[in-house]
Structures are given as C-alpha cells and as structure tokens.
Amino acid sequence: MTDYHINVFYSDEDEGYIADIPDLEACSAFGEDPNQALAEVLVAKEAWLAAARTPTGRSRSPGTGRRSTLTDALRSCSTTLRRIPATSS
C-alpha cells in the first residue's frame, strides 16, 4: 500500500476547505471543514486508484457498458472539487 501526501487548505474562492493529493492528477475534494474535506478526498483517492487500475486507464461506466476515460471517472465522482460561482456586487 502506498501512502500519499494530502494537502488540506481553506479556499476563499470556494468558501470552504479543499483537500488534494498532488501525486494523483486532479484528485481533490471539497468540505465545509478540514475533516470533511479529508474524508471526501480519501473517497476520491479510492475512485482514482480503482479507475487507474483498469486496463489502459479506462473504466466502464456502471450499468451502461460505455467506456470512459480516467478523467471522466473522476469528474463523475461526487467528491471532486466543486466550484462556487462568484457573485457580483
């Protein structure tokens, strides 16, 4: 089992905490507090690693038989970083 460094920081732009794993491209998560962000990025890590273990880094979307890229699999993960739209003053 490999350990991965995890960064957790507050984002003014997103008005919440972000956790990311620099060694896993685009593996990040949002949380209302640091513990939630950490818990969410651990779920995202498992999804990232599961998708990466499939042949050629491609995975099948559950129930559809459609093949998707690793990036598609990560985007569909509910724990990936969400952006909060900026409000105009």
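Note on numbering: residues in each chain are counted from 1, in written sequence order. Where totals are concerned, whole chains, interfaces and linings use all residues; where local detail is concerned, this predicted model gives features only for residues with pLDDT of at least 70, and gives and counts side-chain atom pairs only at 80 or more. With hydrogens and water excluded, all non-hydrogen atoms of the structure serve as input to the side-chain values.

**Details of a nonpolar patch on the surface**
Part 1 of the reasoning: Patch construction takes residues with relative accessible area above 30% that form no salt bridge. Like charges are linked within 9 Å, and nonpolar side chains (Val, Leu, Ile, Met, Phe, Trp, Tyr) are linked within 5 Å. Note on areas: Shrake-Rupley, 1.4 Å probe, and residue coverage restricted to the protein chains presented here. Salt bridges are identified by distance alone: a Lys or Arg side-chain nitrogen within 4 Å of an Asp or Glu carboxyl oxygen. On the surface, Val8, Leu38 and Leu42 cluster together into a nonpolar patch covering about 200 Å² of accessible area.
Part 2 of the reasoning: The helix count covers DSSP runs of H or I at least four residues long, the strand count covers runs of E at least two residues long, and both are numbered beginning at the N terminus. Position of Leu42 relative to the elements: it lies in helix α1 (residues 34–53).

**What about the side chain of Lys45?**
Part 1 of the reasoning: Position of Lys45 relative to the elements: it lies in helix α1.
Part 2 of the reasoning: Contact between two residues is taken to exist if any of their heavy atoms lie within 4.5 Å; hydrogens are not considered. Those residues within four positions of Lys45 in sequence are excluded, and the remaining contacts are Tyr4, Ile21, Leu24 and Cys27.

**Notes on the sheet that holds strand β2 (residues 16–20)**
Part 1 of the reasoning: By the convention used here, strands pair only if DSSP detects at least 2 bridges between them. Reading across from one edge, β1-β2-β3 is the order of the three strands in this open sheet, with antiparallel pairing throughout. Two strands bound the open sheet, and with one partner strand each, they are β1 (7–11) and β3 (28–31). With direction set aside, neighbouring strand axes in the sheet form an average angle of 25°.
Part 2 of the reasoning: Judged from the four bridges that link them, β2 and β3 form a sheet pairing that is antiparallel. The partner of Tyr17 across the bridge, within β3, is Gly31.
Part 3 of the reasoning: Running at roughly 150° to β3, α1 makes contact with β1, β2 and β3 of the sheet. Under this scheme, a helix contributes an axis fitted over its contacting stretch, all axes are lines through C-alpha atoms, and angles between N-to-C directions fall in the 0 to 180 degree range.

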